[in-house]
Structures are given as structure tokens and as C-alpha cells.
Amino acid sequence: MTDPVQGPELMEPPPAAWPGDEIARLYAEHSRAIYYLALRFLGDPQRAEDATHDVFLKAFRKLDQFRGESSARTWLYRIAINHCQNLLQTWHQRHVVANSDDAIWDHAPARTDSPLRVLETKELGQRIQTTLDRLSAEYRLLLLLVADEELSYDQIAALVGQSTDAVRGKLHRARKTFAVLFEQTA
Amino acid sequence: MKQESQFSSDEQHRHESGQESHHQTAREFATAEELLRFDAAQTVVPPPIAERLKQSAAQLAPPPRRAWWQKLFGR
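Residues numbered from 1 in each chain as written. Chains lettered and ligands numbered in written order. Predicted model: local features only at pLDDT ≥ 70, side-chain atom pairs only at ≥ 80, totals over all residues.

### Some remarks on the overall build of chain B
- A tally of helices and strands in chain B yields three helices and two strands.
- Counting helices and strands in the order they occur from the N terminus, chain B gives β-β-α-α-α.
- Residues classed as buried in chain B amount to 16% of the 75 residues present. (Helix = DSSP H or I, 4+ residues; strand = E, 2+ residues; numbered from the N terminus. Buried ≥ 20, exposed ≤ 12 C-beta atoms within 10 Å, placed from the backbone.)

Structure representation (C-alpha cells):
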């Protein structure tokens, strides 16, 4: 994999003053959330590492453009989502149609409103990744965003460019689809 | 904030079979996001990212400082 640091983006001017403390604070506060989103959205630890590095580097360069109108977390998520979606497009890893998600639980015999029970947490990460990989990118992203308690539905809606009602509806379906697929990984 | 998330506490179940008894820990998650939240909490950010980031940041040279008259006239 090529080093993203060597890309043309190095030509972009960095912030006028390099706010070292601000960078350190942003990374300390949000790196786990950004890395987790990249990890589970892309499904590959190495790519997630690269993506997290690139996202924060982009953020640092554009720090002077961040005006505090949104939260830093939301701002970083926006950069991360764009970055990861571009990567998925580049790799032709997009899943098929979003509607195929619904077909999974429409005809599923399993109850989708029962709790997700996990007996063995050792391989939980693999089960979660397998489940997420089988979801559409849209449902995957929505579930990953709603898992962050710092985000409201309104913020999630703004991040994905949809209405809050649409997000609620899609999340309802995404949860059910996830439950069915997760059960199949047991 | 989100209202639909439901939280359930971890459950510990004891299973006994015949003369042998053992503890088995089961976790229940009411929703997918609760499961993902648990997963996220277990996830460790690889330390090399911070190191790479530090090196990348060091490569970014600060832009030339603008003269006072450029700042004044917005050039």
C-alpha cells in the first residue's frame, strides 16, 4: 500500500500556525471513535490504520477552517466518512443495493426483536465484522454512527445528508437486518 | 440525544450439567448499537498511527508568513 503521506495532498497548505496542543487534544479525544468507524466500515485493520492517519492529517491541515459550528467529533466524522466512502468506491467494494438488506429480515425465521446474546466474546469482533460486511454500506454506516453516544439523530442525519425521520426509519431496518445476520454468525 | 437505545446489563448464567458445574458468562445486547458500543470500547487504537501522524505533521512546513500590509489589505 502506498504511503498516503506521499500523495498530492502534501501540496495543500497547512494551517497558518501549527497548534500542537490542539492536535494532541483532538487525537486523544477522538482517535478511538474515528479508528473504530474506519475499522468496521472498511473491514480491514491496515486500511483502517491508514485511513485514521489520513483523516487526522486532513483535519490538522484544515484546522483553521473548523469554526466550531459543529462539534469536533462531527467534523472529524464528516472527514472520515468522505474518506472511507472514497476508498470503498476506489476499491469497488460497495455492496449491492440497500434494498437487499430488507429482504434479509423480511423472510427471516428468526425473531429480530430478541436481544443479541453472546456467549463467547473472544471472537466477537470477527462476528461483528462478518455481520457488518454483509450489510449495505449505508446501513453499516448508520449503525456505526448511532453506536456513538455523542451523536444525536439530528447530527447523524446531517452527516449522511438525510432527514432525521429517514435516518430513524433506516436504522430500524438496519437493526433488524443486523440481528438476523448476527445470529447466523453464531 | 438518542432515545431509542436500550441498555441491558450483562448477565451471568450458571450452567450445571451432571456432577460438573462451571460458570459461563453470557452477554446480552438489546440493540446492534449496544453491541457495537461494547466492541468499540474493546478496540485499541494501534500506537503506530500516532507515530506516523507525528512524522507526517513534521513534514508539513509552515507557510510563509504574510507581511503586515498583506494582512491589512487581505492579500
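Continuing now.
### Notes on the nonpolar core
Residue and element names in this part refer to chain A.
- The biggest cluster of nonpolar side chains holds 54 residues, and the ones touching the most others in it are L37, A38, A80, L142 and L143.
- By residue number, the principal contributor to this core is helix α1 (residues 20-42), which donates eleven residues.
- When residues are assigned to domains, this core turns out to be shared by domain 1 (8-91) and domain 2 (99-184), each giving three or more.
- Setting aside residues up to four positions removed in sequence, L37 forms contacts with Y77, A80 and L144. (Core = buried A, V, L, I, M, F, W, Y, C linked by C-beta atoms within 7 Å. Domains from an automatic or database assignment. Contact = placed C-beta atoms within 7 Å.)

### Observations concerning the confidence of the model for chain B
All names here are of chain B.
- Per-residue pLDDT for chain B averages 67, and the proportion of residues at 70 or more is 47%.
- When mean pLDDT is compared element by element in chain B, helix α1 (residues 32-42) scores highest at 95, while strand β1 (residues 11-17) scores lowest at 34.
- For this predicted complex, the interface score ipTM comes out at 0.78, alongside a pTM of 0.74. (pLDDT = per-residue confidence, 0-100.)

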